Structures are given as structure tokens and as C-alpha cells.
Amino acid sequence: MCTDYNHKSVLFDEAVAALELNESKTVVDATAGGGGHSREIAKHAKRLIAIDQDPDAISVLNERIGALPNVTVVQSNFTEIKTVLENLGIETVDGVLFDLGVSSYQLDNGDRGFSYHKDAPLDMRMSKQGISAYDVVNTYSETALADIIWKYGEEKYSRSIASNIIKARATKNISTTFELADIIRTSMPAKELKKGHPARKTFQAIRIEVNGELDRLPKALDSAFDCLSHGGIIAAITFHSLEDRIVKEKFAEWTRGCTCPKEFPVCVCGNKPKGELLFKSKTPGENEMQSNPRARSARLRAFKKY
């Protein structure tokens, strides 16, 4: 299993460079996955704490980088950065990296149920704990399903898909990825089937619901900010507009200064920026997008704390 955990780290050079590494810095990789970014960070930092909630990823990280003297591998959710560091006796860190979304391994592993290209049990749990995609698809109401598919997948046929899920499960529970993908396919007009795989947005939406990704992201960013030293950096790679919007808005909140009305002659609110953007955003180059199609929607943002 470990040797098969291949994750193509997107925006690899750009993300590592954004952390402004040197041998005096302590850095957290909050979503370490297969260790692509982590291994490179460990080469240039004083200490690396590699965190992931996926037990498969933890096994891989221990195998690949766990023996390095400056690396600590911890199984935890990225919202628990502060607790992880407290348990290690670390007060502040100089950098935190978030590589968000689902990893290549999770998509490619037929047992995990993340992909609509492989038939597998409906699961999609990154931590292998809690409610699964099977639970969402077979127990949520039609209204709840439609709302999730629209909100998290931005799928305009969300109501038709939800309605057909309810009809299908009235006969028998929907158990596999292919069963769900077929229902989604029949819920769309023929013209939509020519625009890429019809299940992409719905699978994304259910995965986000199962793992609470968007609900947890603001807390994870705030936790990372609280743990940063002065001059510390948060770098975040996002893969769809919903999570990118959260990162963008959180960074904007931290860089916002005076909030007094424009007509006030002097500032009375006393609000000052907590940091600065290192750059607006970066996206993969054409070569990276051709070699790794999953990089196409990726975006990197970075913030430095004052």
C-alpha cells in the first residue's frame, strides 16, 4: 500500500518557495498526504511537523520521512494544528502549508470511493471515520441532497439528481460509485454529457459534505494564524472556487486595516493589518497542467504575518 501512494504535488516549487525556508524555521505541513511537499520542506527547515487525518497517508509518511531526525508525523485533522503543537511543546511556527482537496492516491485507490472512474463502495471518508458517502446518499432527504449538490458542487441539475437518487434508493440502497454515477448521468440532458464527466460536480459536493471540508477550513486557517510567529507564512493550495474563496476572504480579513467610514478625517477604530499578501495568487503553468490534468484548477495564495 505505501509504495502505491503516489501524489503529484501541484505547484510544488511555488509552494515551497512561498514558505521562504531556511535552517532556523519550524514548519507545519497541515495536509501532508504522500509527503511530496513535506520531504522537500524537511531538507531546508529546522523542523517539520507533518499532519494528515488519513491513516493510509500516515503509514506512507512514516515510511518515507518518519525516520528523518527533524520530522514529526502526526495523525490529526488540520483544524487541530494548535493542539498538535501544544502536545509537542511548540509555541509558534514559522510556516504552515495547506494542500487542500483530495489526493491523487485517494482518487486512484478503488477502495476509497472518491472516483467516478472506478467502481467502488461509496465511502469518500478521508479519515475513514464518521458518516460516509453511502450514508449521505441513502439517508439524506431530497431537499438536503439537492441543497448540498448545488451549494458544494454548483451543479445546476442538483434537483433532478436528488430526485432520481430518492427514486433509485426506494428500490434498493445505492451502494457503489458506478451506481451513483449512472443515476447522475440519467438526470441530465444529452447535451450536458458532452461537457466532461457528468458526475464530477456531484461527487465533489458529496465528498465535501462527508469530510466537512468547507466548514472546517476557516477554523484551520485561524488555528494556523494563531500559531504563526512574527514573519510566519501561511501558503494554501486550493482546487475549486469554494475553498479558494474561503482562503482569499480569510487573507483579506487579516490584511484589512482601518474600517472607519471614508468621511472620517482620522481613524477611530484602531484596526491595523495583521499581515500582508506575498502575492495575489499563482496558478500552474501550461507544462504542469499538461503533465498533471488535476492541476488545472489549482491556485496558490500566501500570507505573511506581521
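So, here is what we can say about the structure in this document. The structure displayed is predicted, hence computed values, not measured ones. (Residues numbered from 1 in each chain as written. Predicted model: local features only at pLDDT ≥ 70, side-chain atom pairs only at ≥ 80, totals over all residues. Heavy atoms only, no water.)

## Here's the deal with the packing of aromatic side chains
Evaluated as defined, the whole model comprises seven aromatic pairs. With a centroid separation of 5.5 Å and an interplanar angle of 85 degrees, the aromatic rings of Y116 and F203 are classed as edge-to-face. Separated by 87 residues along the polypeptide, Y116 in the loop between α5 (104-108) and α6 (133-139) and F203 in helix α10 (residues 200-211) bring together distant segments of the chain. For the pair Y116 and F203, one class covers both residues: buried. Of the aromatic side chains, those joined through ring pairs into one cluster are F225, F251, W254 and F303. The ring of F279 is capped by K282, whose NZ or CZ atom sits 4.5 Å from the centre of that ring. Cation over ring: K305 sits above F225, and NZ or CZ is 4.3 Å from the ring centre. (Phe/Tyr/Trp six-rings, centres within 6.5 Å; stacked < 30°, edge-to-face > 60°. Helix = DSSP H or I, 4+ residues; strand = E, 2+ residues; numbered from the N terminus. Buried < 20%, exposed > 50% of the residue type's maximum accessible area, 1.4 Å probe, protein only. Lys NZ or Arg CZ within 6 Å of the ring centre and 35° of its normal.)

## Comments concerning unusual backbone geometry
Positive phi values are uncommon outside glycine, yet E20 reaches one of about 50 degrees. Here E20 is to be found in the loop between α1 (12-18) and β1 (26-29).

## Description of the nonpolar core
Counting 34 residues, the largest nonpolar core has I81, V96, F98 and I234 as the members making the most contacts within it. Listing elements by their share of this core, those giving two or more residues are β2 (47-52), α4 (81-87), β4 (93-99), α7 (142-153), α10, α11 (213-227), β5 (228-238) and α12 (241-255). The element best represented in this core is α11, accounting for seven residues. The residues contacting F98, other than those within four sequence positions of it, are A30, T31, F78, I81, A220, L221, A224, I234, A235, A236 and I237. (Core = buried A, V, L, I, M, F, W, Y, C linked by side-chain atoms within 4.5 Å. Contact = heavy atoms within 4.5 Å.)

## Focus: the packing of α7 against helix α8 (residues 158-171)
The N-to-C vectors of α7 and α8 enclose an angle of 140 degrees; their axes lie 8 Å apart at closest approach. With respect to α8, the element α7 is oriented oblique. Where α7 crosses over α8, the two elements pack in a sense that is right-handed. Of α8, the residues touching α7 (which contributes E142, L145, A146, D147, I149 and W150) are S158, R159, I161, A162, S163, I165, I166 and R169. (Axes fitted to C-alpha atoms, helices over the stretch in contact; angles between N-to-C directions. Parallel < 35°, antiparallel > 145°, perpendicular 65-115°, else oblique. Left-handed = near helix turned anticlockwise from the far one by under 90°.)

## Notes on the side chain of E243
In this fold, E243 is placed in helix α12. Within the buried core, E243 has no salt-bridge partner, and the shortest N-O distance to an opposite charge, that of R207, equals 5.3 Å. Those residues in contact with E243 that lie beyond four places of it in its chain are L100, G101, L214, L217 and T238. (Lys, Arg positive; Asp, Glu negative; His and termini not counted. Salt bridge = Lys/Arg side-chain N within 4 Å of Asp/Glu carboxyl O.)

## Thoughts on the environment of A236
Among the structural elements, A236 can be located in strand β5. The class for A236 is buried, based on a relative accessible area of 1%. Those residues in contact with A236 that sit more than four places away from it in its chain are F98, V247, R299, L300 and R301.

## A closer look at α8
When the terminal C-alpha atoms of α8 are compared, their 21 Å separation across 14 residues agrees well with the 20 Å that a helix rising 1.5 Å per residue should span. Along α8, the positions that sit buried rather than exposed are S158, I161, A162, S163, I165 and R169. Where the residues of α8 are buried, they touch α6, α7, α9 (177-186) and α10. (Expected span 1.5 Å × (residues − 1).)

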